[in-house]
Amino acid sequence: MSLLLPKLASKKEVDQAIKSTAEKVLVLRFGRDEDPVCLQIDDILSKTYHDLSKMAMIYLVDVDQTPIYTQYFDISYIPSTVFFFNGQHMKVDYGSPDHTKFVGSFKTKQDFIDLVEVIYRGAMRGKLIVQSPIDPQEHS
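Bear in mind that the values here come from a model prediction, so they are computed numbers and not experimental data.

### Some words on helix H1 (residues 11–20)
Inference 1: Taken together, the buried positions of H1 are Val14, Asp15, Ala17 and Ile18. Taken around the axis of H1, the buried residues stretch over an arc of 160°, which confines them to a single face. Of the residues in H1, the exposed ones pointing more than 90 degrees away from the buried face are Lys12 and Lys19.

Set out below in structure tokens:
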């Protein structure tokens, strides 16, 4: 399913996506193509790609090809999803100490859509951190 989603295979490509994505939420899913949980989230991301096309750009990033970002975002568990808006790293309060990334897969397509909508609306109002609409008890 992830064949539909564009991939970023180098630091340069990730940098370019961060710089060039304007007025949309940039979604970077860090992981590995063959990982079963990554395949699960990729399926959800690809099913929402068209629905969210007006407010988000979604890319897959291989952790082994972008070690500088893997280290920068402290990605020790995959998949981890990081969000940007107009070049700014968007932080999300998921009810955990780490506001920099979403770790794991989303339970449903709607959970992911709701999260992107909250980030988009918050970013359009100038916020750099938003409250996750996903119940942290249901996620774990």
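### What about helix H2 (residues 36–48)?
Inference 1: The terminal C-alpha atoms of H2 lie 19 Å apart, and with 13 residues this matches the ideal 18 Å at 1.5 Å per residue to within 8%.
Inference 2: Three or more residues of H2 are buried, namely Cys38, Ile41, Asp42, Ile44, Leu45, Ser46 and Thr48.
Inference 3: Buried residues in H2 make contact with strand S2 (25–31), strand S3 (56–62), strand S4 (80–85) and helix H4 (109–124).
Inference 4: The N-cap residue of H2 is Asp35: its side-chain oxygen and the backbone nitrogen of Val37 are 3.0 Å apart.

### Some words on the pattern of salt bridges
Inference 1: Scanning all chains against the criterion turns up eight salt bridges.
Inference 2: Note that Asp43 and Lys47 form a salt bridge whose closest N and O atoms lie 3.0 Å from each other. Pair noted here: Asp43 and Lys47 are both in helix H2, with a separation of four residues, about one helical turn.
Inference 3: Classification of Asp43 by relative accessible area gives partly exposed; the value is 22%.
Inference 4: What makes Lys47 partly exposed here is its relative accessible area of 46%.

### Brief notes about the packing of H2 against H4
Inference 1: Running from N to C, H2 and H4 point in directions that differ by 65°, and their axes come no closer than 9 Å. The hand of the H2/H4 crossing is right-handed. Residues Ile44, Leu45, Lys47 and Thr48 of H2 form the contact with H4, whose own contacting residues are Lys109, Phe112 and Ile113.
Inference 2: Within the contact of H2 with H4, the residues separate by chemical class into four nonpolar, one polar and two charged.

### Description of the pairing of S2
Strand residues, when the strand is regular, have side chains that alternate between the two faces of the sheet.
Inference 1: Among the seven residues in S2, seven count as buried, and that is most of the element.
Inference 2: On S2, burial covers both faces: Val25, Val27, Arg29 and Gly31 on one face and Leu26, Leu28 and Phe30 on the other are all buried.
Inference 3: Sheet topology note: the S2/S3 ladder contains seven bridges and is parallel. Bridging from a neighbouring strand, Val25 pairs with Ala56 of S3.
Inference 4: In this view, the connection linking S2 to its parallel neighbour S3 by way of H2 has right-handed handedness.

### Side note on the side chain of Thr21
Inference 1: Relative to the helices and strands, Thr21 resides in the loop between H1 and S2.
Inference 2: Of note is the side chain of Thr21, whose polar atom sits 2.7 Å from the backbone oxygen of Ala17.

Calculation rules
Residues numbered from 1 in each chain as written. Predicted model: local features only at pLDDT ≥ 70, side-chain atom pairs only at ≥ 80, totals over all residues. Heavy atoms only, no water. Buried < 20%, exposed > 50% of the residue type's maximum accessible area, 1.4 Å probe, protein only. Helix = DSSP H or I, 4+ residues; strand = E, 2+ residues; numbered from the N terminus. Arc of directions from axis to C-beta. Expected span 1.5 Å × (residues − 1). Contact = heavy atoms within 4.5 Å. Polar contact = N/O pair within 3.5 Å; in protein donor to acceptor, adjacent residues only side chain to side chain. Salt bridge = Lys/Arg side-chain N within 4 Å of Asp/Glu carboxyl O. Axes fitted to C-alpha atoms, helices over the stretch in contact; angles between N-to-C directions. Left-handed = near helix turned anticlockwise from the far one by under 90°. Nonpolar A, V, L, I, M, F, W, Y, C, P; charged D, E, K, R; others polar. Pairing = 2+ DSSP bridges. Right-handed = clockwise from strand over helix to strand, strands pointing away.

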